[in-house]
Amino acid sequence: MLPVARADVRALTDGDVREVFVKEGETVKAGQVVAKLNDDAERYAVASSEANLTRLRANVSVAKAGAKGEEIDAARQLVATAEKRLQFSRAEANRLNTAFTRTAVSDQDYQRALSVAEVDQQRLLEARKQLALTISPVRNEQLQALEAEIASEQARLELAQKSVEYAQVKSPIAGRVLSGTLRFALGDFLQRGAQLATVEDSSKLLVEIRVPETDVGEISVGDHAVAKAWSFPDRGYPGVVTEIAPSAEASQYGRVVRVVMSIDQADGKLLPQMTGYAKIEAERMPLIVAFTRPVVRFFLVELWSWLP
């Protein structure tokens, strides 16, 4: 006996099982969350990427809008202050230079004044550069660089969001949950790809019949069949042949071909993996023909192979 569909419920990321939402035997829908893994690191990555995106988008808005009037005034004020400081330090250096030539001040004091003047000159240059950057419009290259950073951070955010979603272990199909260890799964560490449970859709049962290769030629899709399980020998389950395997395979009884029949109506007693026997209604023939088929086959195949 086979279910109409079967799928394994597997972890899509590494993590320890924090919550289990179903029990063995319960029916779940496709996409329903079966268990939840630890996702603290993934949620932190999402929050970090969202904060970075907010900052980058704000930078783009500021760059496109340009500097405000008060920002330009502040930059000009810095330039004016730097110019006055440089004027004072240069005048002080010139005064100490005159005093140094008359040996009125030490060489140390004179060198210190020169250093102060050089520092003030450098500060003035930096203030003027800052003013030029504040006044000048943003270049396209700068905007493109910011947009590239936003695209990269957006990709990281989407990956982090996927990781959070993967921490929710979902059922790929609708059906009944099968797992002898699901009740003890809480706290277990699952690696990516590890199986947590199996879900089977047994709303419609199939029967796999291993037909001897000598008889498969008499069977066609659509033929009527009846199956009996060892568990319920007093009940036959009718159906029709829906599939015939494209190749034969080895078994303990010789070569066989797998034939699948669909049961018309299941009463809820049959369970997947039960075994039994089945009969397929194939071509009708006289009784004498049916009983002499092995002999005829022997002459037509094996004896033929002996002839030169």
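Residues numbered from 1 in each chain as written. Predicted model: local features only at pLDDT ≥ 70, side-chain atom pairs only at ≥ 80, totals over all residues. Heavy atoms only, no water.

**A few points about the layout of surface pockets**
Going by this rule: Residues are called lining when one of their atoms sits within 4 Å of a cavity or pocket point, these points coming from a 1 Å grid over the protein atoms alone, where a cavity is a set in which a 1.4 Å probe fits but cannot get out and a pocket is an open set with protein on both sides within 12 Å along at least five of seven lines. Grid points are joined across faces, edges and corners, and a volume is the space filled by probe spheres set on the points. Every helix listed is a DSSP run of H or I at least four residues long, and every strand listed is a run of E at least two residues long, numbered separately from the N terminus. Residues are grouped as follows: nonpolar covers Ala, Val, Leu, Ile, Met, Phe, Trp, Tyr, Cys and Pro; charged covers Asp, Glu, Lys and Arg; every other residue, Gly included, is treated as polar.
Estimates place the volume of the largest pocket at around 1,100 Å³. Around the largest pocket sit 34 residues that line it, and I209, R210, V211, Y277 and A278 are the ones nearest its centre. At the level of secondary structure, the elements contributing two or more residues to the lining of the largest pocket comprise β8 (195–212), β9 (224–229) and β12 (276–280). By residue number, the principal contributor to the lining of the largest pocket is β8, which donates six residues. Split into classes, the residues belonging to the lining of the largest pocket amount to 17 nonpolar, six polar and eleven charged.

**Things to note about the side chain of S171**
Worth spelling out the cut-off: Contacts described as polar in this section are N or O atom pairs within 3.5 Å, which, within protein, must combine one atom able to donate a hydrogen with one able to accept it, while residues neighboring in sequence count only if both atoms come from side chains. The contact criterion used is simple: two residues touch if any of their non-hydrogen atoms lie within 4.5 Å.
On the secondary structure map, S171 appears in the loop between β5 (168–170) and β6 (175–178). Within the structure, the side chain of S171 is placed 2.6 Å from the backbone oxygen of I173, a separation counted as a polar contact. When sequence neighbours within four positions are dropped, the list of residues in contact with S171 reads V9, V28, K29, A30, G31, Q32, V34 and V199.

**What to know about the sheet that holds strand β7 (residues 189–190)**
Here is the rule we go by: At least two DSSP bridges between two strands are required for those strands to pair.
Taken together, four strands build an open sheet; the order of strands is β5-β4-β2-β7 and the sheet is antiparallel. The open sheet has two edge strands, β5 and β7, and neither has a second partner.

**Looking at the packing of aromatic side chains**
In this description, a pair of aromatic rings is defined by centroid distance and the angle of the planes. Which entries qualify depends on this criterion: Classification of ring pairs uses Phe, Tyr and Trp, with its six-membered ring standing for Trp, and accepts pairs whose centres are within 6.5 Å; under 30 degrees between planes counts as stacked, over 60 as edge-to-face, and the remaining range as tilted. Only protein chains enter the accessibility calculation, which uses a 1.4 Å probe; a residue whose area is less than 20% of its type maximum is buried, one above 50% is exposed, and one in between is partly exposed.
All told, the structure shown has one aromatic pair when counted by the stated rule. The interplanar angle of 80 degrees and the centroid separation of 5.8 Å between the aromatic rings of W230 and Y277 together place this pair among those described as edge-to-face. Taken together, the residues W230 in the loop between β9 and β10 (237–244) and Y277 in strand β12 connect sequence positions 47 residues apart. The class for Y277 is exposed, based on a relative accessible area of 61%.

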